[in-house]
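Residue-level listing of the chains:
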Amino acid sequence: MAVQIAPSILSADFARLADEVTAVSNADWIHVDVMDNHFVPNLTLGLPVVESLLKVTPLPLDCHLMIEDPDRWAPGYAEAGAGSVTIHAEAASAPIRTLRAIRSAGARAGLALNPGTAVESYADLLPEIDMMLMMTVEPGFGGQSFLDMVLPKVRRARDLIKGRDLDVWLQVDGGVGAETIERCAEAGADVFVAGSAVYSADDPAEAVRSLRERASGAYAP
Ligand SMILES: O=C(CO)[C@H](O)[C@H](O)COP(=O)(O)O
Ligand SMILES: [Fe+2]
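Calculation criteria
The residue numbering used here restarts from 1 in each chain and proceeds along that chain's sequence as written. Written order decides the labels, with chains lettered from A and ligands numbered from 1. Only residues with pLDDT of 70 or above have their local features reported here, since the model is predicted, and side-chain atom pairs are shown and tallied only from 80 upward, although totals for entire chains, interfaces and linings are computed over all residues. Hydrogens and water are ignored here; the side-chain numbers use all heavy atoms of the structure. In this scheme Phe, Tyr and Trp rings, the latter by its six-membered ring, pair at centre separations within 6.5 Å, and the angle between planes marks the pair as stacked below 30 degrees, edge-to-face above 60, and tilted otherwise. Secondary structure elements follow DSSP: runs of H or I no shorter than four residues count as helices, runs of E no shorter than two count as strands, and numbering proceeds from the N terminus. Buried residues are those whose accessible area, probed at 1.4 Å on protein chains only, stays under 20% of the maximum for their type, while exposed residues exceed 50% and partly exposed ones sit between those limits. UniProt positions are given in the numbering used here, feature names are shortened, and annotations may be inferred rather than shown by experiment. Only protein atoms enter the 1 Å grid, on which a cavity is a set of points fitting a 1.4 Å probe that cannot get out and a pocket is an open set with protein on both sides within 12 Å along at least 5 of 7 lines, lining residues being those with an atom within 4 Å of a point. Whether two residues are in contact is decided by their heavy atoms, any of which lying within 4.5 Å being enough. Distance and chemistry together define a polar contact, namely a pair of N or O atoms within 3.5 Å, with one atom able to donate a hydrogen and the other to accept it when in protein, and with adjacent residues in sequence counting only for side-chain atoms on both sides. Grid points are joined across faces, edges and corners, and a volume is the space filled by probe spheres set on the points. Charged residues are taken to be Asp, Glu, Lys and Arg, nonpolar residues to be Ala, Val, Leu, Ile, Met, Phe, Trp, Tyr, Cys and Pro, and polar residues to be all remaining types, Gly included. At least two bridges found by DSSP between two strands is the condition for calling them paired. Metal donors were taken as nitrogen, oxygen and sulfur atoms no farther than 2.8 Å from the ion, or 3.2 Å where the ion is Na, K or Ca. Water is excluded, so coordination may look unfinished. Under the classification used here, a metal with four donors is tetrahedral if each angle lies between 85 and 135 degrees, square planar if opposite donors are over 155 degrees apart and the others between 65 and 115, a six-donor metal meeting that same test is octahedral, and anything else is irregular. The span one expects for a helix is its residue count, reduced by one, times 1.5 Å. What the arc covers is the set of directions going from the helix axis to the C-beta atoms. Throughout, an axis means a line fitted to C-alpha atoms (over the contacting stretch in the case of helices), and angles, computed between N-to-C directions, take values from 0 to 180 degrees.

Taken as a whole, this structure holds one aromatic pair when the rule is applied. Both rings, one in W29 and one in W169, keep their centres 6.0 Å apart while their planes meet at 75°; by these two values the pair is edge-to-face. On the criterion of sequence distance, the pair formed by W29 in the loop between helix 1 (17-22) and strand 2 (30-35) and W169 in strand 7 (residues 169-173) is long-range, its members being 140 residues apart. Residues W29 and W169 agree in their burial class; the two are buried.

This brings us to the UniProt feature "active site" (unreviewed entry) in the protein. Residues annotated by UniProt as "active site" (unreviewed entry) correspond here to D33 and D173. Annotated residues spanning 141 residues; largest pairwise C-alpha distance 10.5 Å, indicating a single compact cluster. Here the residues from the annotation list that line the largest pocket are D33 and D173. One can find D33 in strand 2. In this structure D33 comes out as buried when scored by relative accessible area, which is 6%. If we ignore the near neighbours within four places in the chain, the residues touching D33 are S8, L10, T44, L45, H64, M66 and D173. A polar side-chain atom of D33 sits 2.9 Å from a polar atom in the side chain of H31. Mapped onto the fold, D173 is located in strand 7. Leaving out residues up to four positions away in the same chain, D173 has contacts with H31, D33, H64, L133, M134, M135, T136, V137 and V193.

Next up on the list: the layout of surface pockets. Think of a ball as big as a water molecule: rolled over the atoms, this probe shows where empty space is left. Considered as a void within the structure, the largest pocket measures approximately 240 Å³ in volume. Lining the largest pocket are 25 residues, with F141, G142, D173, G174 and G175 positioned closest to its centre. Split into classes, the residues belonging to the lining of the largest pocket amount to 11 nonpolar, 12 polar and two charged.

This part takes up the pairing of strand 1 (residues 4-7). Here strand 1 shows two buried faces, one formed by Q4 and A6 and the other by I5 and P7. Direction of pairing for strand 1 relative to strand 8 (residues 191-194): parallel, over a ladder of four bridges. Along strand 8, the bridge assignment pairs Q4 with V191.

On the protein side, the iron ion (ligand 2) has H31 (NE2), D33 (OD), H64 (ND1) and D173 (OD) as donor atoms, found 2.0 to 2.3 Å from it. Around the iron ion (ligand 2) sit six donor atoms; with metal-centred angles ranging over 71 to 176°, the donor geometry is octahedral. In primary sequence terms, the donor set of the iron ion (ligand 2) follows H-x1-D-x30-H-x108-D. Residue D33 is found in strand 2, and its partner H64 is found in strand 3 (residues 61-66); the two are separated by 31 residues along the sequence. Assigned by exposure class, D33 and H64 land together as buried.

We now examine helix 5 (residues 151-163). Look at helix 5: 18 Å from first C-alpha to last across 13 residues, which is about the 18 Å you get at 1.5 Å a residue. Every buried residue belonging to helix 5 is among L151, K153, V154, A157, R158 and I161, and all of these are buried. On an axial view of helix 5, the arc spanned by its buried residues comes to 155°, and they lie on one face. Residues of helix 5 that are buried in the fold lie against strand 5 (108-113), strand 6 (131-135), strand 7 and helix 6 (181-186).

Strand order in the open sheet made by the eight strands is 1-8-7-6-5-4-3-2, with parallel pairing throughout. With one partner strand each, in any of the chains shown, strand 1 and strand 2 form the two edges of the open sheet. Ignoring which end each strand starts from, the neighbouring axes of this sheet average 25° apart. Here strand 2 pairs with strand 3 via six bridges, running parallel. By the bridge assignment, M35 is partnered in strand 3 with M66. Of the strands in this sheet, strand 2 and strand 3 touch helix 2 (residues 47-56), which is tilted by about 170° from strand 3. Along the sheet face, helix 5 touches strand 5, strand 6 and strand 7 and points at about 165° away from the line of strand 7.

So, in structure tokens, the structure goes:
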């Protein structure tokens, strides 16, 4: 699979979201960070904003739910038309049921792991998911420093996916930018979330193009 770039609107201007997503029309996904001030100590946006975004961008929305009780809320994002809905393993009480509900509503189902969560504990869930999201910072805020310690886990996840001959995308999220994206691609990641690296750039579309070029050169599945 070709590498994919998903700019995170967490670092965008929330008062100009329609313009901000239009500015990265060369991306593959728009990454939407939903935070509830319970699972993480920050509060962002929810379903009404996602519904509005769906009307202003042709790009699929990649909704990353950093919320408690995703079992209750996640299917609603899929039913609303999100292209991908990712729940946190640490927050879900019934992940298999919720991942199946996301898929039945027509979205790709994602499972996210915090930096300290072992991938091996979730190996048996791989057939239930379309994407695994590896947090490369502690979730909650944009603009944090990339945690190199997660890279061996990204490699182990890629090996688990390959060993089972599954088509599961491997996403990295947090501190991904020009300095770190190649290391992620070498470790086997194929979907790259970048917030500050895209929206702090003078030209966000050029940042997307350049990140794609760096990742493609280093991608080693
Ligand atoms: O999930 C997230 C934070 O919890 C964000 O997607 C992520 O941090 C993106 O921002 P940046 O690229 O600036 O780190
Ligand atoms: Fe995210």
